[in-house]
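Residue-level listing of the chains:
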Amino acid sequence: MKTICISVANITIRMSAEEPLDFSDAGFRGFVIASADEADICISVSDATGDTHSEADRESWIVGDCRDMEFSENIWEIGVTKNGENYIVVDSYRHDSEYSWVKMRYKGNCGKIQICRRPQQSPTIDPYIFPTINLLISNLLAKSNGFMIHSSVVDDGGKGYLFTAVSGTGKSTMAKLWKEKGATIVNDDMIAITNGENTVEAHNIPMSYYNQEPRKIALRGIFLISQSPTNFIRPISGATAVLKLAANTIYHPFTKEDSTRHIKSVAESVQHVRLFELGFKPDTDIVDEVRKLNL
Amino acid sequence: MKYIASDNFTTTDVLGEMVIVPVGKDVKENGNMLAINKTGEFILERITKGVDSKDIIEEMVKTFDAESSLIEADFQKFTSRMIELGYLSEKE
C-alpha cells in the first residue's frame, strides 16, 4: 500500500493506494508532509473504468464548472447522499487530460476516490485532480469554523492583509504592489481562512501550476477592494459588512445548518479583524496608506 | 393575497441583525445574502406563518404607527425584492 499525506490550512489528508501515488501538478508537492497518523480524513485511491458515475442516491447537490481554458475544463458536482455521505464528482471534457472522471465519497474521517484515467497515462496515480481536493478542503473547512475566499493575502513583516474582490478587480495587482514594497505574497487568488480563539489566520492552498510552500499569516486587516481614480479606505462594520465579505467566499450550503454555520464563521472573522472598503489606483501609494492605519 | 416563503433560504442573527442566506442547489450567487431591518423581519415572520398581506399591512400600521401608504410601499418593496431573489412567491 502506498501512502501520501498532505496538510492544507490545518487539515490533514492521508491518501493510500495499491499503486504508487504522485502529484503530476507541482502546485501540490509543497504541501506533502512526512506522515499523518491522526489525519482529519483518510482516503483510499483506486482506478475505475466505465462511462457512468452518476450518483443515484443523491439527496442535495450543487453543480459548477471550471473553465480555465489553458489548464483544465471540467464540470463538478458536490453533494450529499440520502444516507449522509458527502460526494464530489469531477468530469473532464478535455480529451488531453489524464482522466475522464473522478468520484470521491466520504463520511466522517473516511473516504475513497475513484479515478477513471485515460489510456496510456503514467504508472502512478495522481490523487489530486483539480478541483476535487479543493472542494474537499472547502467542505472540511466549513465544518471546522473556516472558509475559502477569493482573495490575495500579503505578509507585511508579520502583519497579514487580505484583499478580496471579484475576478478582474485587482487582487493580484494589489499583491504585486505590496511585493514591490517588500511584503511577501501568501497567495494572490484563493485563500483558506481559519478562525482561532482570538486570531484569524489566512493560509495558501495548493493551486495548479503554483510552485509554492505552505504559508500562513495572522490577519490584521481585511479589505474589500475596487479600482478607483483616487485612493480611499473606509472602515465598515455590522451585518452588511459581513455579507459583503461573504459574497466573495466559496461555500456549498446543502442545508440551512450549512448556511448558518458559514455566515457565522465569516462574522467571527469580522469580529476579530477590522474590515475596510478600499478603492485604489494601481501604484504603491496605497501600500503606504494601509501601513498608516497601523493595524 | 398571500405569499409563500421558499425553503431555499434561512434567516439567522449576525452581529445583532437578521440576515437572509441562501440554501441548496439553486445557490448561484452569494450576493443573494441580505440584511433585513425590523420591518422586514416583521413581514417575513408573518408571511411564513401564512398571514394574508392585507392583515400584515393592517398590523404594521398599528404597530409602527405610520401612514398606511408608507407601510404599503415598504411592504411592496420588501416582497418585490424577496420575489426577485426567489425567496417568496405569490399565492393567489
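Residues numbered from 1 in each chain as written. Chains lettered and ligands numbered in written order. Predicted model: local features only at pLDDT ≥ 70, side-chain atom pairs only at ≥ 80, totals over all residues. Heavy atoms only, no water.

Enquirer: Any chance you could break down helix α4 (residues 238-246) of chain A for me, citing the residues and the numbers?
Expert: With seven of nine residues buried, α4 of chain A lies mostly within the body of the structure. Among all positions of α4 of chain A, only G238, A239, A241, V242, L243, L245 and A246 of chain A are buried. (Buried < 20%, exposed > 50% of the residue type's maximum accessible area, 1.4 Å probe, protein only. Helix = DSSP H or I, 4+ residues; strand = E, 2+ residues; numbered from the N terminus.)

Enquirer: Break down the sheet that holds strand β4 (residues 34-36) of chain B for me, citing the residues and quoting the values.
Expert: Residues and elements named next belong to chain B. The three strands are arranged β2-β3-β4 in an open sheet whose pairing can be described as antiparallel. Edge positions in the sheet fall to β2 (9-14) and β4, since each has one partner strand and no second. The mean inter-strand angle of the sheet, taken between neighbouring strand axes irrespective of direction, is 35 degrees. Sitting on the sheet, helix α1 (residues 38-48) touches β2, β3 (17-22) and β4, and the angle it makes with β4 is about 90 degrees. (Pairing = 2+ DSSP bridges. Axes fitted to C-alpha atoms, helices over the stretch in contact; angles between N-to-C directions. Contact = heavy atoms within 4.5 Å.)

Enquirer: Which residues make up the interface of chain A and chain B, and what values go with them?
Expert: Put simply, an interface is often sized by how much accessible area is lost when its parts join up. Contacts between the two partners involve 23 residues from chain A and, on the opposite side, 20 residues from chain B. Roughly 1700 Å² is buried in total at the junction of chain A and chain B, and carbon and sulfur atoms are behind 66% of that figure. Interface area lost by chain A to chain B is led by L243, Y251 and K256 of chain A, which between them contribute 29%. Between the two partners, chain A and chain B, sit zero salt bridges. Our enumeration of links across chain A and chain B arrives at five residue pairs in polar contact (both at pLDDT 80 or more). No other element matches helix α5 (residues 256-272) of chain A, which puts eight residues into the side of chain A that touches chain B. Grouping the constituent residues of the side of chain A that touches chain B by class yields 13 nonpolar, eight polar and two charged. (Buried area = accessible area lost by both parts, 1.4 Å probe. Salt bridge = Lys/Arg side-chain N within 4 Å of Asp/Glu carboxyl O. Polar contact = N/O pair within 3.5 Å; in protein donor to acceptor, adjacent residues only side chain to side chain. Nonpolar A, V, L, I, M, F, W, Y, C, P; charged D, E, K, R; others polar.)

Enquirer: Quick rundown of α5 of chain A? Include the residues and the values.
Expert: In this model, α5 of chain A (17 residues) spans 25 Å end to end at C-alpha, consistent with the 24 Å of a helix rising 1.5 Å per residue. All buried positions along α5 of chain A are accounted for by D258, S259, H262, I263, S265, V266, A267, S269 and V270 of chain A. (Expected span 1.5 Å × (residues − 1).)

Enquirer: Got a sec to walk through the packing of α4 of chain A against α5 of chain A? Specific residues and values, please.
Expert: Residues and elements named next belong to chain A. Closest axis-to-axis distance for the α4/α5 pair is 9 Å, and the angle between their directions is 115 degrees. With respect to each other, α4 and α5 are oriented roughly perpendicular. Here the hand of the crossing between α4 and α5 comes out right-handed. Every residue of α5 that contacts α4 at V242, L243, L245 and A246 is listed here: I263, V266, A267 and V270. (Parallel < 35°, antiparallel > 145°, perpendicular 65-115°, else oblique. Left-handed = near helix turned anticlockwise from the far one by under 90°.)

Enquirer: So what's going on with the side chain of E277 of chain A? Which residues, and what values?
Expert: Checked against the element boundaries, E277 of chain A lands in strand β18 (residues 274-280). Ignoring anything within four residues of it in the chain, the contact list for E277 of chain A reads L224, F232, I233, R234, I236 and K244 of chain A.

Enquirer: I'd like a description of the pairing of strand β8 (residues 99-107) of chain A, backed by residues and values.
Expert: Of all the nine residues making up β8 of chain A, eight are buried; the element is thus mostly covered by neighbouring parts of the structure. Counting the residues in the hairpin turn of β8 of chain A and strand β9 (residues 110-117) of chain A gives two residues, including G108 of chain A, whose phi is positive at 60 degrees.

Enquirer: How would you explain empty space enclosed by the protein if you had to name every residue and give the values?
Expert: The method is simple in principle: a probe with the dimensions of a water molecule rolls over the atoms, and the space it marks as empty is what remains. Residues and elements named next belong to chain A. Scanning all chains against the criterion turns up one cavity of 30 Å³ or more. Size it by volume and the largest cavity reaches roughly 110 Å³. Around the largest cavity, the lining residues are S138, N139, A142, K143, G146, Y251, H252, P253, D258, R261 and H262. Contributions of two or more residues to the lining of the largest cavity are made by α2 (132-142) and α5. Among the residues making up the lining of the largest cavity, the classes are represented as three nonpolar, five polar and three charged. Split by domain, the lining of the largest cavity shows at least three residues from each of two domains, domain 1 (2-142) and domain 2 (146-292). (1 Å grid on protein atoms, 1.4 Å probe; cavity = no way out; pocket = protein on both sides within 12 Å on 5 of 7 lines; lining within 4 Å. Points joined across faces, edges and corners; volume = space filled by probe spheres on them. Domains from an automatic or database assignment.)

Enquirer: Please set out the domain arrangement of chain A residue by residue, giving values where relevant.
Expert: Residues and elements named next belong to chain A. Each assigned domain of chain A is listed here: domain 1 (2-142) and domain 2 (146-292). On a C-alpha basis, the centres of domain 1 and domain 2 stand 27 Å from each other. On the domain 2 side, the residues contacting the 25 residues of domain 1 number 25 residues. Interface area, domain 1 with domain 2, both sides summed: about 2000 Å², of which 65% is carbon and sulfur. Here domain 1 and domain 2 share zero salt bridges between them. On inspection of domain 1 and its partner domain 2, the count reaches two residue pairs in polar contact (both at pLDDT 80 or more).

Enquirer: Hey, could you go over the pairing of β18 of chain A for me, with residue numbers and the actual values?
Expert: Working note: regular strand, side chains alternate between the two faces of the sheet. Residues and elements named next belong to chain A. Across the seven residues that make up β18, a large majority, six, are buried. As paired strands, strand β15 (residues 216-227) and β18 are joined by seven bridges and run parallel to one another. Each residue of the ladder has a partner; that of G221, found in β18, is R274. Pairing geometry for strand β16 (residues 232-236) and β18, over five bridges, is antiparallel. Residue pairing across strands places I236 opposite L275, the latter belonging to β18.

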